[in-house]
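Analysis of the macromolecular model
Read off the chains here:
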Amino acid sequence: MCGIVGYVGSRPATAIVIDGLQHLEYRGYDSAGIAVLQDGAIHVRRDAGKLSNLIKLLAQQPIDGHLALGHTRWATHGKPNQQNAHPHSDASGEIVVVQNGIVENYRELRESLQAEGIDFRSETDTEVIVHLLALNYSAAGGLAEAVRKTLGYLKGPSAIVAMTSREPDRLVAARLGNAGGVAIGLGSGETFVASDIPAILEHTRRMIFLEDGQYAVITPAGAQIATLDGQPVAAEIHDIPWNPVSAAKGEYRHFMQKEIFEQARSITDTMRGRVDFDSGEMILEQLRLSRERARSFDRIVTVACGTSAYAGLVGEFLLEHIARIPTDVDYASEFRYRDPIIDERTLLLAITQSGETVDTLAAVEEARNKGAFVVSIVNAIGSQAARISDGVITMRCGPEIGVASTKAFTASVVDQYLLALALAQARDSIGPAHRRRLVDDLAHLPRLMGQVLDQSPAGNAVYLDLAERFHGYRNFLFLGRGINYPIALEGALKLKEISYIHAEGYPAGEMKHGPIALIDREMPVVAIAVQDSVYDKMISQIEQVKARHGIVIAIATEGDDFIASKADHVITVPKAPSLLTPVLSVLPLQRLAYEIAVWRGADVDQPRNLAKSVTVE
Ligand code: M6R
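Within any chain, residue numbers begin from 1 and follow the written order of that chain's sequence. Where local features are concerned, this predicted model is filtered to residues with pLDDT of at least 70; where side-chain atom pairs are given and counted, the filter is 80 or more; whole-chain, interface and lining totals use all residues. Calculation of side-chain values draws on the structure's entire complement of heavy atoms; hydrogens and water are dropped beforehand.

Quick look at the domain arrangement of the protein chain now. Those domain boundaries reflect an automatic or database domain assignment. What the domain assignment lists for the protein chain is domain 1 (3–242), domain 2 (249–443) and domain 3 (454–599). When each unit is reduced to the centre of its C-alpha atoms, the spacing between domain 1 and domain 2 is 33 Å. Any two residues whose heavy atoms approach within 4.5 Å at even a single point are treated as in contact. Opposite the 14 residues of domain 1 that make contact, domain 2 presents 15 residues. Between domain 1 and domain 2 the total buried area reaches about 1300 Å² when both faces are included, carbon and sulfur atoms providing 60% of it. Of the charged contacts in the structure, one is a salt bridge between Arg 175 and Glu 356, with a shortest N-O distance of 3.3 Å. When residue character is reported, Ala, Val, Leu, Ile, Met, Phe, Trp, Tyr, Cys and Pro are called nonpolar, Asp, Glu, Lys and Arg charged, and the others, Gly included, polar. For the side of domain 1 that touches domain 2, the residue count by class is 8 nonpolar, 3 polar and 3 charged. Here the quantity called buried area is the total loss of accessible area, with a 1.4 Å probe, experienced by two parts when brought into contact, counted for both. Basic side-chain nitrogens of Lys or Arg form a salt bridge, by our definition, when they fall within 4 Å of a carboxyl oxygen of Asp or Glu.

Below, the structure written as structure tokens:
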């Protein structure tokens, strides 16, 4: 989704803002622009397409100064062209604004502004904001007040940053609803603002995050925060632990590739300090859940979107098996539209890598209003989901840049395993010996993952060969059963989003109720058939596919010689306790999707039409 970067200080601002926008490219966008205060006037450069187009334009028509505001736009209202790109300017060119989110009442506002004689130069909803700022500016007596007043007219979620040539020492940022984050980075004699941490992380780790209903006056000396009704706020300054190097591609060809291979390490980080392997106890301080409250829940409802929802489906098995609490998983985008039955005995679990997915945030709010205790599993520190939850478990994966989620999936499954153990501990749902065994199993996980993530020539060859053979197919079916059924969904999602091959994931037992009609020589079927309690049933599904001339790629347990006689191709994963098999079986599917997409020449890290964090409904 859209990205914002702003700078005020003494260094040349254009390079800082462009570099910040480059760090946000992963979010997905289709045009970009920058406004810079130079020699007392604001100069704007904008272009459709990739940031490289804007960079070329800046090379031909350079601008620079010490106050600048940039934006990458993911089109909602109006085509992704130059006129619709942000920043948008008022008629005088003295005020500019960038926005993330949607002005839901923009039509009425536009009509009334047009009735006052204002000309619109774009098809966007955003342009109404800059004209309202201009109208309010003089009466309000400055940009900050004009922003405050203008936001009073807007309906729908918006994060905005504005600047004016009349106040050359400041940017004004504001946040209304859940339109994505606003992070303010505090430097020494310079201050940064961005929609997402990686954009400014190389300059500072000291950050303030705007809450819903707050605005900030950002000057080289820092930021003054207040609520939109004018109350000053003593904002907390967060120290962000991410290392900028972890947001760089390093030796890898794509961020997605790097993130796939990071997973053994990120899972170690996810467990570090939280699992006492001596006592078998969980230490989840940010969970903020008393034993009494933990014992009060009669159900868990998980809300999430996309990959996070599939992680939730794996978690359903973990929470029911380990904590013995009935668990349902809901698409966050559907949750609030069916008047869900939620009360104070419900633990509402939100899973969101970005912590800014608008549907997930709306589901959390709905559940909070109904009295649920909300726990969120998030990766982005300081994100809105983390801030509005009663308890938090972070994924500790570092920034996930590839639009296709990989390391956040495995980390959120492991976080749910930890949550299940913590709940089991508080509720005495399983005996100490059982709990102990489950904790011991975890200790081996990073090593087993490392084996599946073998990057030696032989380890890579399996995937390169399959990619060469299968990249031209137009459809894939993924089948799994039991706790590996969600892995079939996730495998299909990975393949379709980065390679644009149509892929469907199905619970294997459902195949004969419909999808079997599709099977022929042109339909590769990826079957997750690791040796667990449903292994024999998966073998019989494979036989049914083979009987119809389908091609089977099996994900099987190492040492399973039998499956080789049934499947056309076999990728193995090490033997593991059944509750942890999804964390291993998903890895070959990520690798396979990646190599197929590379073969097809796809833009792996920024697939068409997709955004990293979906901040609009
Ligand atoms: O940031 P979130 O975990 O809330 O994002 C949810 C989905 O938008 C996300 O998982 C999406 O499905 C990914 N592109 C999947 O790879």
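On we go.
Here we come to the packing of aromatic side chains. The pairing test for Phe, Tyr and Trp rings, Trp by its six-membered ring, is centres within 6.5 Å, and the orientation test on the planes gives stacked under 30 degrees, edge-to-face over 60, and tilted for anything in between. Taken as a whole, this structure holds 6 aromatic pairs when the rule is applied. Ring geometry for Phe 297 against Phe 373: centres 6.0 Å apart, planes inclined by 50 degrees, an arrangement best described as tilted. Remark: Phe 373 occurs in strand 21 (residues 373–378) and Phe 297 occurs in the loop between helix 8 (291–294) and strand 18 (299–304); sequence separation between them is 76 residues. Relative accessibility decides the category of a residue: with a 1.4 Å probe and only protein chains considered, values under 20% of the type maximum give buried, values over 50% give exposed, and everything between is partly exposed. Taking the relative accessible area as the measure of exposure, Phe 297 reaches 2% and is therefore buried. With a relative accessible area of 8%, Phe 373 lands in the buried category. Every helix listed is a DSSP run of H or I at least four residues long, and every strand listed is a run of E at least two residues long, numbered separately from the N terminus.

Let us look at the sheet that holds strand 10 (residues 191–194). DSSP calls a pair of strands paired once it identifies at least 2 bridges connecting them. Strands sit in the order 3-2-4-1-10-9-11-15 across an open sheet of 8 strands; the sheet is antiparallel. Because the sheet does not close on itself, it has two edges, and the strands there are strand 3 (41–48) and strand 15 (238–239). By the bridge criterion, 4 bridges tie strand 9 (residues 183–186) to strand 10 in an arrangement that is antiparallel. Residue pairing in the sheet places Leu 186 in a bridge with Thr 191 of strand 10. Axis definition: a line fitted to C-alpha atoms, over the contacting stretch in the case of helices. Angles run 0 to 180 degrees between N-to-C directions. Of the strands in this sheet, strand 1 (3–8), strand 2 (31–38), strand 4 (67–73) and strand 10 touch helix 1 (residues 13–23), which is tilted by about 155 degrees from strand 1. Contacting strand 2, strand 3 and strand 4, helix 2 (residues 51–60) runs over the sheet at an angle of about 135 degrees to strand 3.

Next up on the list: the pattern of salt bridges. Within the structure shown, the criterion is met by 29 salt bridges. One salt bridge connects Glu 366 with Lys 370, and the closest N-O pair in it is separated by 3.4 Å. A network of salt bridges, in which partner residues are shared, links Glu 167, Asp 169 and Arg 170.

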